[in-house]
Amino acid sequence: MPALQNDTFIRALLRQPTEYTPVWLMRQAGRYLPEYRATRARAGSFLGLAKNPDYATEVTLQPLDRYALDAAILFSDILTVPDAMGLGLHFAEGEGPKFERPLRDEAAVKALKVPDLAELQYVFDAVKQIRHELAGRVPLIGFSGSPWTLACYMVEGGGSDDYRTVKTMLYNRPDLMHHILEINAAAVAAYLNAQIEAGAQAVMIFDTWGGALADGTYQKFSLSYMKRVVEQLKSEHQGKRIPSIIFTKGGGLWLEEIAATGVDAVGLDWTVNMTQARARIGASCALQGNLDPVVLFANENQIRSEVARVLESFGSTGANTPLNATGHVFNLGHGISQFTPPEAVSVLVDAVHDFSRRQRK
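Since the model is a prediction, treat every value here as computed from it, not as a measurement. (Residues numbered from 1 in each chain as written. Predicted model: local features only at pLDDT ≥ 70, side-chain atom pairs only at ≥ 80, totals over all residues. Heavy atoms only, no water.)

### With respect to the side chain of Ser 76
Defined as follows: We count a stretch as a helix when DSSP gives it H or I for four or more residues in a row; a strand needs E for two or more, and each element gets its number in order from the N terminus. Should any heavy atoms of two residues lie within 4.5 Å, those residues are counted as being in contact.
By the secondary structure assignment, Ser 76 is in the loop between strand 1 (72-73) and helix 5 (80-87). When near neighbours in sequence (up to four residues on either side) are disregarded, Ser 76 contacts Phe 46, Val 123, Phe 143 and Tyr 191.

As structure tokens, then:
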């Protein structure tokens, strides 16, 4: 693989000094870009896009060709793992992902198995191809949904407003839910390690629905299984450190506990105070986040002002500051909206780089 030319993102995750604050965006390859929509039309369907390494490579690189981002993230879907388990993933027009065979009874749950990774070879082929095409420009992030978030989709059969079906199983039959989560944790760890072996230079666990759980229940049914995943992850590959990130949307209450899993960075949603988060976590973890994605619909001056506010809230990162004063990756507090004006992202990325450079002088 080509040598990495811009390692700012990796160094920030490892809490090493950087010349500026690196930035990438969750869902940075997506529907807000006209070039993505054109490629998606050629692919014929979302799964046709995600399961074709050529198309996945093309859309992964599109935002890098537009913006001076400091990392690429594999274009894929968090539901590739349960799809490989045989649940029958499909996308209904205007309704999002659906499973033909959701886990609704004991027999279905007990039949669940860790998938053969050969079923996910198209993902690993895409990782290899993206790394080759990146030619060392920036690092590539691999990812997976968390065991709990995957379970939500697997039991509900798709998205949900109240998670009534999956949470009813959790409370009525915790034994079944633990079985699903044990299988999912083993699958996610194997899946992420295979992405690392294929060329991913950092990995992220998206616990999108962790915040739907009550305190105490979150620790038992989401956090503990993410900890199992982190403990199994390859922290080094071919002599290079492979940092890991956990992002629990709605997880501001549990930042210290997330950091204690052994992860390298904690993702913050936009409801979290960055200054307080840094004080709570200290030097144990880097932080990633956490601009409200809707800021990108504001005018240029307001976008720049909000970027400065987030960077200032993290605090000083000057060249002479101690090690625990480093370790911020700028990101949104959740994924970018499909309706975002592409030019607003240019303003954001430039503002992060410009302001953070000035902070270090």
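So, next bit.
### Concerning the side chain of Ser 222
The test is simple: With a 1.4 Å probe rolled over the protein chains alone, any residue whose accessible area is under 20% of its type maximum counts as buried; one over 50% counts as exposed, and the rest are partly exposed.
Among the structural elements, Ser 222 can be located in helix 11 (residues 217-232). The class for Ser 222 is buried, based on a relative accessible area of 1%. If we skip the residues at most four places from it in the chain, Ser 222 touches Trp 148, Asp 207, Gly 210, Leu 213 and Thr 217.

### Concerning the packing of aromatic side chains
What counts, and what does not: The pairing test for Phe, Tyr and Trp rings, Trp by its six-membered ring, is centres within 6.5 Å, and the orientation test on the planes gives stacked under 30 degrees, edge-to-face over 60, and tilted for anything in between. Counted as over-ring charges are cases with an Arg CZ or a Lys NZ within 6 Å of the ring centre that also lie within 35 degrees of the ring normal.
Inspection of the entire model under this criterion finds 7 aromatic pairs. Each ring, one from Phe 46 and one from Phe 91, has its centre 4.7 Å from the other, and the planes form 50°; the classification is tilted. Of this pair, Phe 46 sits in helix 3 (residues 46-50) while Phe 91 is found in strand 2 (residues 89-92), placing the two residues 45 residues apart along the sequence. Classification of Phe 46 as buried rests on a relative accessible area of 16%. Phe 91 sits in the partly exposed class, given a relative accessible area of 30%. Consider the rings of Tyr 218 and Trp 254, whose centres lie 3.9 Å apart with planes at 10°: the pair is stacked. You can see Tyr 218 sitting in helix 11 and its partner Trp 254 sitting in the loop between strand 8 (244-248) and helix 12 (255-259), a full 36 residues away along the chain. Considered together, Tyr 218 and Trp 254 belong to a single accessibility category, that of buried residues. Grouped by ring-pair contacts, the aromatic residues Tyr 36, Phe 46, Phe 75 and Phe 91 constitute a single cluster. Between Arg 278 and the ring centre of Phe 314, over which it is positioned, the NZ or CZ distance is 3.9 Å.

### Description of unusual backbone geometry
The omega torsion across Gly 289 and Asn 290 is 0°, close enough to zero to call that bond cis. You can see Asn 290 is positioned in the loop between strand 10 (286-288) and helix 14 (300-314). The phi dihedral of Arg 27 falls on the positive side, at around 65°, and the residue is not glycine. Here Arg 27 lies in the loop between helix 1 (8-13) and helix 2 (34-43). Classification of Arg 27 by relative accessible area gives partly exposed; the value is 49%. Unlike most non-glycine residues, Gln 238 shows phi in positive territory, near 50°.

### Brief notes about helix 11
Short version of the rule: The span you would expect from a helix comes to 1.5 Å times its residue count less one. Here the bend at a residue means the angle between the axes of two seven-residue stretches, the one that ends at it and the one that starts at it.
If you check helix 11, its first and last C-alpha atoms are 23 Å apart, about what 16 residues at 1.5 Å a residue would give, namely 22 Å. The largest bend in helix 11 amounts to roughly 35° and is located at Leu 223. Every buried residue of helix 11 is accounted for by Thr 217, Tyr 218, Gln 219, Phe 221, Ser 222, Leu 223, Tyr 225, Met 226, Val 229 and Val 230. Buried residues along helix 11 sit in contact with helix 8 (147-156), helix 9 (164-172), helix 10 (174-198), strand 5 (202-207), strand 8 and helix 12.

### Points about the packing of helix 10 against helix 11
Here is the rule: Every axis in this analysis is a line fitted to C-alpha atoms, fitted for helices over the stretch in contact. Angles between the N-to-C directions lie between 0 and 180 degrees. Angle categories: roughly parallel below 35 degrees, roughly antiparallel above 145, roughly perpendicular from 65 to 115, and oblique for all the rest. Working rule for handedness: look at the near helix, and if it is turned counterclockwise from the far one by less than a right angle, call the crossing left-handed; if clockwise, right-handed. Any residue that is not Ala, Val, Leu, Ile, Met, Phe, Trp, Tyr, Cys, Pro, Asp, Glu, Lys or Arg is counted as polar, Gly included; the first ten are nonpolar and the last four charged.
In the contact formed by helix 10 and helix 11, the axes pass within 9 Å of each other and the chain directions differ by 30°. Taken as axis vectors, helix 10 and helix 11 run roughly parallel relative to one another. Crossing of helix 10 over helix 11 shows right-handed handedness. Residues Pro 174, Met 177, His 178, Leu 181, Glu 182, Ala 185, Val 188, Ala 189, Leu 192 and Asn 193 of helix 10 pack against Lys 220, Phe 221, Tyr 225, Arg 228, Val 229 and Gln 232 of helix 11. Tallied by class, the residues present in the contact of helix 10 with helix 11 amount to 10 nonpolar, 3 polar and 3 charged.

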